[in-house]
Amino acid sequence: MENLVEQLSKSQPYYRKYLGGIVITFMIMPATLILDCVITNRNLDGSYAKDSRYSEKQSADIIKAITYNDSIKERVSDTTIIDSASVGSTLTLQEVQKLIELHNKVRADVGVGPVTWSKKLATYAQEWANHLAVKGCRMEHRPNSGKWKQEYGENLFMGTAGYYGVADAVKSWESEKKYYHGQTIDTSNVYKLGHYTQIVWENTKQIGCAKIECEGNIIVVCNYNPPGNFLRQKPYKLPEAKK
């Protein structure tokens, strides 16, 4: 199947969803797009069941969103100076701002509180993005054990470089919203909506993302803390349940 995909991709772009070992490939124009998300699937005890060039307003918005020390209870002050070294990955400040903005818009649409940026998570995401590039520019999640053990929630995206960017990653994950109607997460539905439910997971408070270009593609990795997509749970309480 991989050989066929590789042959077809030479004649026309494609996008691919890779979820829990299932790969679904679609031929499209004009570019490549691949998605992936993590299913946390843990038991209740925690074990696994399975630049200075920006405007003052832009800088202020980024400052309010970025967290240096990854403590959910702590936030950076408006006087903190943010530069590229504070981001934690190869993303630009503008890309960081867009990622935070889009994540929080999706969350606000269902009444879930905002997330903040984590330098630690972004560095973690960049390490994995770099690893994927070195390993042949292929989409796969961190394993549940070993050197690259997964510690957080994770969404993945791959698209043709020059056509797709970080904003497209979030928008593609959000597109799965049409499949979510308040149901509990389980193995029968998570493959359709797992990217979206991770974004709106109510207990998630921080995000950190990264990107890498390889073989004409861009890979976007976003990590989430605390992680979402726990089986037998819902991503957030419905409005009537919160009253």
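Our structure is the block above this text.
Computed from a predicted model, the values in this text were never measured in an experiment.

**Here's the deal with the overall build of the protein**
Item 1. The helix and strand inventory of the protein stands at 7 helices and 8 strands.
Item 2. Relative to its 243 residues, the protein shows a buried fraction of 49%.
Item 3. About 12100 Å² of surface is accessible on the protein, with carbon and sulfur atoms providing 52% of the total.

**Description of the state of the cysteines**
Item 1. For the coordinates displayed, the defined rule picks out 2 disulfides.
Item 2. Two residues, Cys137 and Cys214, share a disulfide whose sulfurs are 2.0 Å apart. Judged by the sign of its S-S torsion, about 70°, the cystine formed by Cys137 and Cys214 is right-handed. Linking Cys137 in the loop between helix H4 (119–134) and strand E6 (153–160) with Cys214 in strand E7 (residues 206–214), this pair joins segments that are 77 residues apart in sequence.

**Structural notes on the packing of aromatic side chains**
Item 1. With the rule as written, the count across this model stands at 5 aromatic pairs.
Item 2. On the basis of an interplanar angle of 75° and a centroid distance of 5.9 Å, the ring pair of Phe157 and Tyr164 is categorised as edge-to-face.
Item 3. Here the aromatic rings of Tyr180 and Tyr236 are separated by 5.9 Å at their centres, their planes lie at 65°, and the arrangement is edge-to-face. Residue Tyr180 is located in the loop between helix H5 (166–174) and helix H6 (190–199), and its partner Tyr236 is located in the loop between strand E8 (217–225) and helix H7 (239–242); the two are separated by 56 residues in the primary sequence.
Item 4. The class for Tyr236 is buried, based on a relative accessible area of 10%.
Item 5. The ring of Tyr124 carries the charged tip of Arg142 above its face, separated from the ring centre by 3.6 Å.

**Some words on the pairing of E7**
Item 1. Here strand E5 (residues 116–118) pairs with E7 via 2 bridges, running parallel. Considered in E7, the bridge of Trp117 is made with Ile207.
Item 2. Summarising the sheet, E7 and E8 pair through 9 bridges and their orientation is antiparallel. Looking across to E8, one finds that Lys211 is bridged to Val220.
Item 3. Where E7 folds back onto E8 in an antiparallel hairpin, the turn is made up of 2 residues, including Glu215, whose phi is positive at roughly 50°.

**Thoughts on the pattern of salt bridges**
Item 1. Applying the stated criterion across every chain yields a total of 4 salt bridges.
Item 2. Notably, a salt bridge pairs Lys211 with Glu95, separated by 2.8 Å at the nearest N-O pair. Taken together, the residues Lys211 in strand E7 and Glu95 in helix H3 (residues 93–108) connect sequence positions 116 residues apart.
Item 3. Judged by relative accessible area, which is 16%, Glu95 ranks as buried.

**Brief notes about the side chain of Gln126**
Item 1. By the element assignment, Gln126 lies in helix H4.
Item 2. Exposure remark for Gln126: the relative accessible area of 7% places this residue in the buried category.
Item 3. Those residues within four positions of Gln126 in sequence are excluded, and the remaining contacts are Gly88, Ser89, Thr90, Ala210, Lys211 and Ile212.

**Examining unusual backbone geometry**
With glycine set apart, most residues show a phi of negative sign, and most peptide bonds adopt trans.
Item 1. A cis amide bond, omega -10°, links Asn225 with the succeeding residue Pro226.
Item 2. Assignment of secondary structure puts Pro226 in the loop between E8 and H7.
Item 3. In this structure, Cys137 takes a positive phi of about 60° despite not being glycine.
Item 4. Unlike most non-glycine residues, Glu215 shows phi in positive territory, near 50°.
Item 5. With respect to the element layout, Glu215 can be found in the loop between E7 and E8.

**What about the environment of Gly153?**
Item 1. Considering the arrangement of structural elements, one finds Gly153 in strand E6.
Item 2. Given the relative accessible area of 0%, Gly153 is considered buried.
Item 3. Between the C-alpha atom of Gly153 and that of Pro226, which follows or precedes it by 73 residues, the distance is 7.1 Å.
Item 4. In contact with Gly153, not counting residues within four places along its chain, are Gln198, Cys222, Asn223, Tyr224 and Pro227.

Reading the values: rules and limits
Residues numbered from 1 in each chain as written. Predicted model: local features only at pLDDT ≥ 70, side-chain atom pairs only at ≥ 80, totals over all residues. Heavy atoms only, no water. Helix = DSSP H or I, 4+ residues; strand = E, 2+ residues; numbered from the N terminus. Buried < 20%, exposed > 50% of the residue type's maximum accessible area, 1.4 Å probe, protein only. Areas by Shrake-Rupley, 256 points an atom, 1.4 Å probe, with all protein chains shown as cover. Disulfide = S-S within 2.5 Å. Phe/Tyr/Trp six-rings, centres within 6.5 Å; stacked < 30°, edge-to-face > 60°. Lys NZ or Arg CZ within 6 Å of the ring centre and 35° of its normal. Pairing = 2+ DSSP bridges. Salt bridge = Lys/Arg side-chain N within 4 Å of Asp/Glu carboxyl O. Contact = heavy atoms within 4.5 Å.

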